[in-house]
Each structure stands twice: as structure tokens, then as C-alpha cells.
Amino acid sequence: MLVSALVLMGAGSARADQPGADWMNKDVLKKQLQAKGYSSILVWADDGYWEGEAIKDGIIVEFHADPHTGALLKALPKKED
């Protein structure tokens, strides 16, 4: 159920920002996050960071990741709208 909701949230949203030429590949970042226990990962470029949402321990998490190393700079449970 959470997976479906997460997929639907990302399906209609347009992302204007583009990753920098020297940023790590989005797929590499996703693999790093999967190794840390995240699933259903959505990633986009925003304000100079990789930003996204994923599920960890059954909770939807919003995150910011360093565009060069993939290190998580923020990972917080998503606030309900």
C-alpha cells in the first residue's frame, strides 16, 4: 500500500532542476540507499542536492543526499499534508 502511494506521488510531479555534470549517477545513489535498507526510492535533483523519498522500516522518509558522495544530509519521516 505504501509503495503504491509513493509511486503515485512521484508520477505526476515535474522536476525542473537538473543534476550537475559532476554529480554521482542517480542509479548509484539508489544502490547505496538500498544497501542501507531503503526501498521504493524516488530521486530527483533539487537546489544543488539529490532529493527524494523512500521507504525505510515501513515509514516514508524524505531525504537530501550529497550530489558527489551520496551521503545523506537529511533523512526525516515525511510530514502528512
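Preceding block: the structure.
Residues numbered from 1 in each chain as written. Predicted model: local features only at pLDDT ≥ 70, side-chain atom pairs only at ≥ 80, totals over all residues. Heavy atoms only, no water.

**A closer look at the nonpolar core**
Here is the rule we go by: Think of a nonpolar core as a cluster: buried Ala, Val, Leu, Ile, Met, Phe, Trp, Tyr and Cys residues, connected wherever their side-chain atoms sit within 4.5 Å. Relative accessible area decides the class of each residue, using a 1.4 Å probe on protein chains only: under 20% of the type maximum gives buried, over 50% gives exposed, and in between gives partly exposed. The way it works is that DSSP assigns letters per residue, a run of H or I at least four long becomes a helix, a run of E at least two long becomes a strand, and they are numbered from the N terminus. In what follows, a contact means two residues having at least one pair of non-hydrogen atoms within 4.5 Å.
Counting residues in hydrophobic clusters, the biggest one holds 13 residues, and the most contacted among them are L29, L33, Y38, I41, V43, W50 and F63. Secondary-structure elements contributing two or more residues to this core are α2 (26–35), β1 (39–46), β2 (49–56) and β3 (59–65). Ignoring sequence-local partners within four residues, the contact set of L33 consists of Y38, I41, F63 and L72.

**Quick word on the pattern of salt bridges**
A pair can form between side chains of opposite charge whenever their charged atoms are brought close. Selection rule: Salt bridges are counted wherever a side-chain nitrogen of Lys or Arg sits within 4 Å of a carboxyl oxygen of Asp or Glu.
Applying the stated rule across the entire model yields 1 salt bridge. For the salt bridge of E53 with K78, the shortest nitrogen-to-oxygen distance reads 3.1 Å. Here E53, found in strand β2, pairs with K78, found in the segment after β4 (72–77); they are 25 residues apart in sequence, far enough to count as distant.

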